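Letter by letter, the chains look like this.
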Amino acid sequence: MTEKYQITKKDEVFELLKKKSNFALMSDKLLKKLIEKMRVSRYKKGDTVMKQGEIVKNFYIIIKGSASIYVDDTFIYSLKQSGDVIGEISFLTGSVSTAAVIAENELGLVEITYDFLSHLNSIEFGLWLCRKDISHFLDIVISDI
């Protein structure tokens, strides 16, 4: 069962994410705006964060722990670093989840709703998301070579 609660130490989340290479590209102003609208969820080992084919309503950022990504019940890769993002493909394409996401261990995620992101109307967020996705995709492709 997922436990949801309001975060009380937003500056700690800001400092944690700002140290991550993909969030270093984001302005402090935009990151603080995202953090203002977030909530934190905790998942236990084996919990499903997202099912393949389901409608996704949230963009997730890993704060602690790791998650496994599966497509058609086949393991694809693990997200193991705080700052890794889940749900960005569904947000960008407006489609259902292309993969299942399972907590590998105790997992803490920041959730930001797609509704908020779609009303954000930020060119900076779109550019950040594209740069982040391209570099993450290249990391996966290069590691498979």
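Right above here is the structure, for reference.
What counts and how
Residues numbered from 1 in each chain as written. Predicted model: local features only at pLDDT ≥ 70, side-chain atom pairs only at ≥ 80, totals over all residues. Heavy atoms only, no water. Pairing = 2+ DSSP bridges. Helix = DSSP H or I, 4+ residues; strand = E, 2+ residues; numbered from the N terminus. Axes fitted to C-alpha atoms, helices over the stretch in contact; angles between N-to-C directions. Buried < 20%, exposed > 50% of the residue type's maximum accessible area, 1.4 Å probe, protein only. Phe/Tyr/Trp six-rings, centres within 6.5 Å; stacked < 30°, edge-to-face > 60°. Lys NZ or Arg CZ within 6 Å of the ring centre and 35° of its normal.

A few words on the sheet that holds strand β6 (residues 74–79). If you trace the four strands from one edge of the open sheet to the other, you get β3-β8-β5-β6, paired in antiparallel fashion. Each edge of the sheet is formed by a strand with only one pairing partner; in this case those strands are β3 (48–50) and β6. On average, adjacent strands in this sheet sit at an angle of 30° to one another, irrespective of strand direction. Strand direction decides the pairing type here: β3 and strand β8 (residues 100–103), joined by two bridges, are antiparallel. Considered in β8, the bridge of threonine 48 is made with isoleucine 102.

What follows deals with unusual backbone geometry. For aspartate 72, which is not glycine, the phi torsion reads 50° and is therefore positive. Tracing the chain through its elements places aspartate 72 in the loop between β5 (67–71) and β6. When its relative accessible area of 58% is taken as the criterion, aspartate 72 is described as exposed. Despite not being glycine, aspartate 73 shows a phi value in the positive range, around 65°. With respect to the helices and strands, aspartate 73 occurs in the loop between β5 and β6. Overall, the relative accessible area of 75% leaves aspartate 73 in the exposed class.

Counted residue by residue, strand β9 (residues 107–113) has six buried out of seven residues, so it is predominantly covered. Note: strand β2 (residues 39–43) against β9, five bridges, orientation antiparallel. Among the inter-strand pairings, serine 41 is bridged to a residue of β9, identified as leucine 109. Taken together, the six bridges between strand β4 (residues 58–64) and β9 define a ladder with antiparallel strand orientation. Paired with lysine 64 across the strands is glycine 108, a residue of β9.

Let us now look at the packing of aromatic side chains. The tally for this structure, following the rule as stated, stands at two aromatic pairs. Between tyrosine 70 and phenylalanine 75, the ring centres sit 5.8 Å apart and the planes meet at 70°, which makes this aromatic pair edge-to-face. Exposure remark for tyrosine 70: the relative accessible area of 27% places this residue in the partly exposed category. By relative accessible area, which is 44% here, phenylalanine 75 ends up partly exposed. Ring geometry for phenylalanine 91 against tyrosine 114: centres 5.2 Å apart, planes inclined by 50°, an arrangement best described as tilted. Of the two residues, phenylalanine 91 sits in helix α4 (residues 88–93) while tyrosine 114 sits in helix α5 (residues 114–120), which places them 23 residues apart along the sequence. Residue classification places tyrosine 114 among the buried residues on the basis of a relative accessible area of 12%. Lysine 32 extends its terminal NZ or CZ atom over the ring of phenylalanine 14, reaching a point 5.1 Å from the ring centre.

By themselves, these are just geometric observations and shouldn't be taken as functional.
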